[in-house]
Number of protein chains: 2
Amino acid sequence: MSGHGQAAWELLLPAAGAPARRRGRALQEALREAVRSGRLTAGTRLPSTRALAADLGVSRGLVTEAYEQLTAEGYLRSDRGAGTWVGDAARATHARGDGRGPVHGARARGDGRGPAAGARAPGDGHGPVAGVRARDGSGPGGGARARGGAGPDAGRAEIRVDFHPGTPDLSLFPRAAWSTAQRAVLARLTHPALGYPDPRGLPELREALAGMLTRRRGVVADPERLVVCSGVAQASTLLGFVLRARGLDAVGIEDPGSPEHGRLFASTGLGTVWLPLDEEGLLPEPLAASGVRAAVVTPSHQFPSGISWSAERRAALLDWARAVDGYVLEDDYDGDFRYDRAPVGALQGLDPERVVYAGSVSKSLAPGLRLGWMLVPGDLLGEVVERKRTMDLGNPVLDQAVLAEFVTRGGYDRQLRRCQRAYRERRDVLLAALAEHLPGTRVSGIAAGLHVIARVPGRYGPPERFLARAAEAGVALRPLEEYGTARPGDGDVRLVIGYAHLSPSAVTAGIRLVAEAVGRD
Amino acid sequence: MSGHGQAAWELLLPAAGAPARRRGRALQEALREAVRSGRLTAGTRLPSTRALAADLGVSRGLVTEAYEQLTAEGYLRSDRGAGTWVGDAARATHARGDGRGPVHGARARGDGRGPAAGARAPGDGHGPVAGVRARDGSGPGGGARARGGAGPDAGRAEIRVDFHPGTPDLSLFPRAAWSTAQRAVLARLTHPALGYPDPRGLPELREALAGMLTRRRGVVADPERLVVCSGVAQASTLLGFVLRARGLDAVGIEDPGSPEHGRLFASTGLGTVWLPLDEEGLLPEPLAASGVRAAVVTPSHQFPSGISWSAERRAALLDWARAVDGYVLEDDYDGDFRYDRAPVGALQGLDPERVVYAGSVSKSLAPGLRLGWMLVPGDLLGEVVERKRTMDLGNPVLDQAVLAEFVTRGGYDRQLRRCQRAYRERRDVLLAALAEHLPGTRVSGIAAGLHVIARVPGRYGPPERFLARAAEAGVALRPLEEYGTARPGDGDVRLVIGYAHLSPSAVTAGIRLVAEAVGRD
């Protein structure tokens, strides 16, 4: 035993007997839980990786990986070489199953301190964040490979390849397995389960999702706090109505971010305020100066920039939320897809009383299922559930039961692995195509998700001409400027390129078409 | 040809070559359409039944039935023995497929002329109208036969028989046929159909429902005006938000009626005003004096009284709506179940530009499917669809495709016939049990739906004692007073008795238990 602090380090690895491949995850979960529960208090210095590895009888690499992962998530902090300490971002979690969080003191409601609603109208971008895509109301269009009508230049030419972000490859939907699960569900569901649903969702699904999210996303997921909803869009609307009823006027959104969030919140009477972002996350000072008391963020894989928020910015955001007695909506729209390392744990795990966590199956299975989930702070739970009830009485039960079956029996994990392999391959194909056909293009945000940011050098032409030429060639591309207030300044073309829904050959063909089009004169 | 007016009567039966059993329906549909289109103008005298039957080569009974049906629905009016004329309730319908109605002149919006919101708070009844049932948030409770927790006296004794209205027999859900349709759907749906849905609903379902509703309910159902939603509760919330955004403050609801409507509209910022009802429908003068510009009604089978609105009151309601430039929400919650004659056609057919028609599969299949529909006036359509989009982006696609398959291939009609037979039998069992065990009880509202109104004579004890004794015996009964502002005056016990979800033996046992309990002293 290394003797750092009073922590019983050997308690950190209850699953010491577990298979080797599970030990790393077990250590990470145990460390997170120890920080959350207060057993490891802020400022406690952790043993060196060498010492802890020896104490626990595991490899040093496994401990190093755990420290790095939890540092990235904000549970720990480290000074290069000087050591690792317990951070102060995490807050004690509520007891599972009681449905109430710790008392937060008197909560001011309805004081309307936010900035004027709608003070800054979001742009009319087409960015699908959180499974939200602006539609023209004309029904599902086009094929899986080439979709038309959504791009800024749609109509100029037949769209042959559409690099819009946010749609998964719908041909990966596991039809046979889903069909089998449907049959099993209809054979076993009781008659009363077909009646008016629990507005919070089917109990068996809430149990299954809570387990899956705890395991995969590092959240604090009490089934009593989990509300099944129709996706992140509905989660935004539900929360918007609740916050509006409490007197808030506006919600902050990331800049760059998703203008669609603005439309969703506007439908609840809330304005939106763009909050500037740098390569680490939201800038703390503009956030504090904005006057808002709620913000929507995508810290695991920021949309559209692709960054993962730094641990410091995660902690700063939570400090802000506590200081203004506010809330954070964590839109974990594609948190499951991470290619070069383990997914970064969700922000919600650090403070489940301040963070509303929302996710869905829109990227992993199909947007058409309209099935998602929220983890709701105890203080907001009753209001969110009542909103869900008056909005639709609860989600349809059959798909809920099928998803529960799918999660419980491992089908969901298999599906995620399958998508992950496919999307990683397409990302690699995209990078290769850009390198070959548009050399000099710099790509970022490539470690996760279903899209990248590409910065094409100015020598391929000014942005307007570049996009027009691509559209003429039948390739729909979206400039980063559609997703926020920034305007191009250096002549480079900055693009948000979604690749997940395209076959590898379509990805290559699309980039080649662009290169040929912009090369002409 | 009889020579009454200029109408080409022979055109009224385009399906003259149809099988005999379809001719009556074809005649009714042709007559409705002729009135709506203006080909038969108000005041036109119709031929005698004998003359028209001879002209068309059909039986006189078939013509008499058609005249009676359309008179009940408000398309025709008749003076006992003196003749039958075209009424003036119906308004010309819009051209199918253009998505816009005739111009109604300048429409004042947002003037906020309604009465103060929430001026009369609805009671806290448990009435399930339109598939809405207040829940305690504790998940699906009880078995199909006996459900607990909803009655006013729940908790006094274990509930053995719960006569709550509004839930169908969930054991009648066609699991095998639904499962077959699910498999077929997953085999044939295109990949893009699994993507983000059209917020208005799957085109194939909107086509199928429009055809089914035109045929079964006499509505004007253009697929372009049909919005798939999660049920009548969501239809109410969607319309509530749209009307609130237009400046309305309150909506009128029938008294007696469903207090749940009050809760749904309250969630959209609208108050509700009770509007008194007699045995023919809403009283015109209090309606005019109320100041509201929108009302929710159940004219086909009023909830809970069970009456069918008279043709005069249907016409008066539409006159009112036109005069105040307002809208009517027709909650057709159980319009398909009618036992002693054909269902009365929906009000919407008389004026599709003033009536929002809403229905669902909650009574015919299962509430857990959360699947319903709205027919929306052209003037409101865009706003309703945008609300639907921000609320949930549209209904889940798989269940929509399955229902389309079900409707198109005749499974839905078969299911309705099956339910109709079962519920009619249970109604008859209930009437027999009341006659045997509580003689003197008068029953009304028995020609339709899933519940009756029973008036138990005062000799069985004062209402409070009666209900308490029943609850002690494990039988949950709901007094009519839960559904409006009326208070008992004559000592009789007035009950809303739902029977559809109970087996015939449970119905008999429940009434016997009540009789035994109230007979003790």
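Presented here is a report on the structure given in the accompanying data block.

The rules behind the values
Residues numbered from 1 in each chain as written. Chains lettered and ligands numbered in written order. Predicted model: local features only at pLDDT ≥ 70, side-chain atom pairs only at ≥ 80, totals over all residues. Heavy atoms only, no water. Buried < 20%, exposed > 50% of the residue type's maximum accessible area, 1.4 Å probe, protein only. Helix = DSSP H or I, 4+ residues; strand = E, 2+ residues; numbered from the N terminus. Contact = heavy atoms within 4.5 Å. Pairing = 2+ DSSP bridges. Polar contact = N/O pair within 3.5 Å; in protein donor to acceptor, adjacent residues only side chain to side chain. Axes fitted to C-alpha atoms, helices over the stretch in contact; angles between N-to-C directions. Salt bridge = Lys/Arg side-chain N within 4 Å of Asp/Glu carboxyl O. Parallel < 35°, antiparallel > 145°, perpendicular 65-115°, else oblique. Left-handed = near helix turned anticlockwise from the far one by under 90°. Nonpolar A, V, L, I, M, F, W, Y, C, P; charged D, E, K, R; others polar.

1. A few points about helix 13 (residues 463-472) of chain A
Residue and element names in this part refer to chain A.
So, point 1. The set of residues buried in helix 13 consists of Phe466, Leu467, Ala468, Arg469, Ala470 and Ala471.
So, point 2. Looking at the buried positions of helix 13, the neighbouring elements they touch are strand 13 (451-456), strand 14 (475-476), strand 15 (478-479), strand 16 (493-498) and helix 14 (504-519).
So, point 3. Positive backbone phi, at 85°, marks Gly474, one or two positions downstream of helix 13.

2. Focus on the environment of His164 of chain B
Residues and elements named next belong to chain B.
So, point 1. Position of His164 relative to the elements: it lies in the loop between strand 3 (161-162) and helix 4 (175-188).
So, point 2. According to the relative accessible area criterion, His164 is buried, its value standing at 2%.
So, point 3. Expressed as a C-alpha distance, the spacing of His164 and His501, which sit 337 residues apart in the sequence, is 8.8 Å.

3. Looking at the pairing of strand 13 of chain A
Residues and elements named next belong to chain A.
So, point 1. Most of strand 13 sits out of view: five of its six residues are buried.
So, point 2. When strand 12 (residues 442-444) meets strand 13, the two strands line up antiparallel, connected through three bridges. Of the residues in strand 13, the one forming a bridge with Val443 is Ala454.
So, point 3. From the end of strand 12 to the start of strand 13, which pair antiparallel, there are six residues, and Gly445 there has a positive phi angle of about 70°.

4. Section: the side chain of Ser290 of chain B
Residue and element names in this part refer to chain B.
So, point 1. Inspection of the secondary structure puts Ser290 in helix 8 (residues 284-290).
So, point 2. Classification of Ser290 as buried rests on a relative accessible area of 16%.
So, point 3. A distance of 2.7 Å separates the side chain of Ser290 from the backbone oxygen of Leu287, its partner in a polar contact.
So, point 4. A distance of 3.2 Å separates the side chain of Ser290 from the backbone nitrogen of Val292, its partner in a polar contact.

5. Observations regarding the sheet that holds strand 12 (residues 442-444) of chain B
Residues and elements named next belong to chain B.
So, point 1. Strand order in the open sheet made by the four strands is 12-13-16-15, with antiparallel pairing throughout. Both outer strands of the open sheet, strand 12 and strand 15 (478-479), are each paired with one neighbouring strand and no more.
So, point 2. Lying on the sheet, helix 13 (residues 463-472) is in contact with strand 13 (451-456), strand 15 and strand 16 (493-498); it crosses strand 16 at an angle near 35°.

6. Some points on the environment of Ala250 of chain A
So, point 1. Tracing the sequence through the fold places Ala250 of chain A in strand 5 (residues 250-255).
So, point 2. Sequence spacing of Ala250 of chain A and Val514 of chain A is 264 residues, and the spatial spacing of their C-alpha atoms is 40 Å.

7. Remarks on the side chain of Arg32 of chain B
So, point 1. Looking at the element boundaries, Arg32 of chain B is found in helix 1 (residues 20-37).
So, point 2. The contacts of Arg32 of chain B, once residues within four sequence positions are left out, are Gln69, Leu70, Glu73, Tyr75 and Gly218 of chain B.

8. Notes on the pattern of salt bridges
Opposite charge on two side chains makes pairing possible when the charged atoms of those side chains draw close.
So, point 1. One pass over the full model with this rule turns up 58 salt bridges over all chains.
So, point 2. In this structure, Asp169 of chain B engages Arg426 of chain B in a salt bridge whose closest nitrogen and oxygen atoms are separated by 2.7 Å. With Asp169 of chain B in the loop between strand 3 and helix 4 and Arg426 of chain B in helix 12 (residues 411-437), this pair connects stretches of sequence that are 257 residues apart.
So, point 3. What makes Asp169 of chain B buried here is its relative accessible area of 8%.
So, point 4. Salt-bridge contacts for Arg409 of chain B lead to Glu405 of chain B; the nearest nitrogen and oxygen are separated by 3.1 Å.
So, point 5. Residue classification places Glu405 of chain B among the buried positions, given a relative accessible area of 11%.
So, point 6. Residues joined by salt bridges that share partners form a network here, namely Arg188, Glu204, Glu405 and Arg409 of chain A.

9. What to know about the packing of helix 2 (residues 49-56) of chain A against helix 3 (residues 60-73) of chain A
Residues and elements named next belong to chain A.
So, point 1. Packing of helix 2 against helix 3 leaves a shortest axis separation of 8 Å and a crossing angle of 120°. The orientation of helix 2 with respect to helix 3, classified from their angle, is oblique. Considering only the axes of helix 2 and helix 3, their crossing is right-handed. Judged by residue contacts, Thr49, Arg50, Leu52 and Ala53 of helix 2 engage Arg60, Val63, Thr64 and Tyr67 from helix 3.
So, point 2. In terms of residue class, the contact of helix 2 with helix 3 is made up of four nonpolar, two polar and two charged.

10. Let's talk about the sheet that holds strand 8 (residues 294-297) of chain B
Residue and element names in this part refer to chain B.
So, point 1. Read from one edge of the open sheet, eight strands run 4-11-10-9-8-5-6-7, paired in mixed fashion. Looking at the sheet topology across the chains shown, the edges are occupied by strand 4 (226-229) and strand 7 (281-282).
So, point 2. Taken together, the two bridges between strand 5 (residues 250-255) and strand 8 define a ladder with parallel strand orientation. Paired with Gly252 across the strands is Ala295, a residue of strand 8.
So, point 3. Against the sheet, helix 7 (residues 259-266) contacts strand 5, strand 6 (271-278), strand 8 and strand 9 (327-331), and its axis sits at roughly 155° relative to strand 6.
So, point 4. Here helix 10 (residues 378-392) sits on the sheet and contacts strand 4, strand 9, strand 10 (355-360) and strand 11 (372-375); the angle it forms with strand 4, its principal contact strand, is near 25°.

11. A closer look at the packing of helix 6 (residues 232-245) of chain A against helix 7 (residues 259-266) of chain A
Residue and element names in this part refer to chain A.
So, point 1. Here helix 6 crosses helix 7 at 45°, and the two axes come no closer than 8 Å. Comparing the axis directions of helix 6 and helix 7 gives the class oblique. The interaxial crossing formed by helix 6 with helix 7 has right-handed handedness. Within the contact between the two elements, helix 6 uses Ala233, Ser236, Thr237 and Gly240 and helix 7 uses His261, Leu264 and Phe265.
So, point 2. Of the residues contributing to the contact of helix 6 with helix 7, the split by class is three nonpolar, four polar and no charged.

12. A look at unusual backbone geometry
All names here are of chain A.
So, point 1. Residue Pro256 is bonded to the preceding Asp255 through a cis peptide linkage, with omega at 5°.
So, point 2. Within the fold, Pro256 resides in the loop between strand 5 and helix 7.
So, point 3. Residue Asp325 is not a glycine yet carries a positive backbone phi of 55°.
So, point 4. Mapped onto the elements of the fold, Asp325 is located in the loop between helix 9 (311-323) and strand 9 (327-331).
So, point 5. Here Asp325 falls in the buried class, since its relative accessible area comes to 16%.

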